[in-house]
Amino acid sequence: MTKQQSTVTPLPSKDNVVSLTQDYVATLSKVLSQLDGKKIRTFVDTLLAMKKRGGTLYLCGNGGSAANAIHLANDFTFGINPQGDALKVEALPANSSVLTCLGNDIGYDNIFAHQLKVKADKNDVLLVLSGSGNSGNIINAITQAQSIGMSTVGILGFDGGKAKPMLEQVFHFDIQDMQISEDTQVVIGHILMKALYQELKHG
């Protein structure tokens, strides 16, 4: 046997980025398979009832969830019905002047609750977006909404945290990953947008 013949060709190593991509997609797919369409139906009915009584949907979240709240407020304002028959909706993290004022004067834990105290009423719905479900400003927002008589809904990750047992409707994905948790918020939001578009167009 020659030296050339005895050389073993090494197996190609798997690229770390390729592995990460495959793992991420697989995890996200597995998590989303837990989504219950009946819960979507219930939330759509809640939002349609809110609309009928002239209520407003308030969304809140921190970090990436704050950006998702603003994103979904856009979708619910226009995407549901470009002709204008959509939802009245407000993303509570959207106004930096309000957030910095409240954070400075009464504390970061109150940046959402105080806005609800000023603006919201019992005809409205609060949707909280949270990975951990434990942020003080999220818990305070839910408590404030309850005191007003609002409906409360959440999209949560990890173990659901303190928020989970407080909410009337919960979309909980038991995944220890903040990015996957934030992905589920947008996916549910987009499903809601399409469902409400369909309901308001054909309902």
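Before any of the text, the structure's been laid out above.
All of the points below concern the structure found in this document. Note that the coordinates shown come from a computational prediction; the quantities given were computed from them, not determined experimentally.

Comments concerning the environment of Cys60
Argument step 1. Checked against the element boundaries, Cys60 lands in strand S1 (residues 56-60).
Argument step 2. Each C-alpha atom of the pair Cys60 and Phe112 lies 7.1 Å from the other, and the pair is 52 residues apart in sequence.
Argument step 3. Excluding residues within four positions of it along the chain, Cys60 makes contact with Ala69, Leu92, Pro93, Phe112, Leu126, Leu127, Val128, Leu129, Ile138 and Ala141.

Points about the environment of Leu47
Argument step 1. The residue Leu47 is located in helix H3 (residues 37-52) in this model.
Argument step 2. On the basis of relative accessible area, Leu47 is assigned to the buried category, the value being 0%.
Argument step 3. Counting along the chain gives 78 residues from Leu47 to Val125, while the straight-line C-alpha distance between them is 7.7 Å.
Argument step 4. For Leu47, the residues in contact, after removing those within four places along its chain, are Leu57, Leu87 and Leu196.

What to know about the nonpolar core
Argument step 1. In this structure, Phe43, Leu57, Leu59, Phe76, Leu87, Leu127 and Phe171 are the most contacted members of the largest nonpolar core, which totals 32 residues.
Argument step 2. Among the secondary structure elements, those contributing two or more residues to this core are helix H2 (16-32), H3, S1, helix H4 (64-79), strand S2 (88-91), strand S3 (125-130), strand S4 (151-156) and helix H8 (178-202).
Argument step 3. The biggest single contributor to this core is H8, with six residues.
Argument step 4. Leu57 has contacts with Leu47, Met50, Phe76, Leu87, Lys88, Val89, Glu90, Val125 and Leu127, leaving out every residue within four places of it along the chain.
Argument step 5. Cys60, Leu92, Ala120 and Ala141 belong to the second largest nonpolar core, which has 21 residues in total.

What counts and what doesn't
Residues numbered from 1 in each chain as written. Predicted model: local features only at pLDDT ≥ 70, side-chain atom pairs only at ≥ 80, totals over all residues. Heavy atoms only, no water. Helix = DSSP H or I, 4+ residues; strand = E, 2+ residues; numbered from the N terminus. Contact = heavy atoms within 4.5 Å. Buried < 20%, exposed > 50% of the residue type's maximum accessible area, 1.4 Å probe, protein only. Core = buried A, V, L, I, M, F, W, Y, C linked by side-chain atoms within 4.5 Å.

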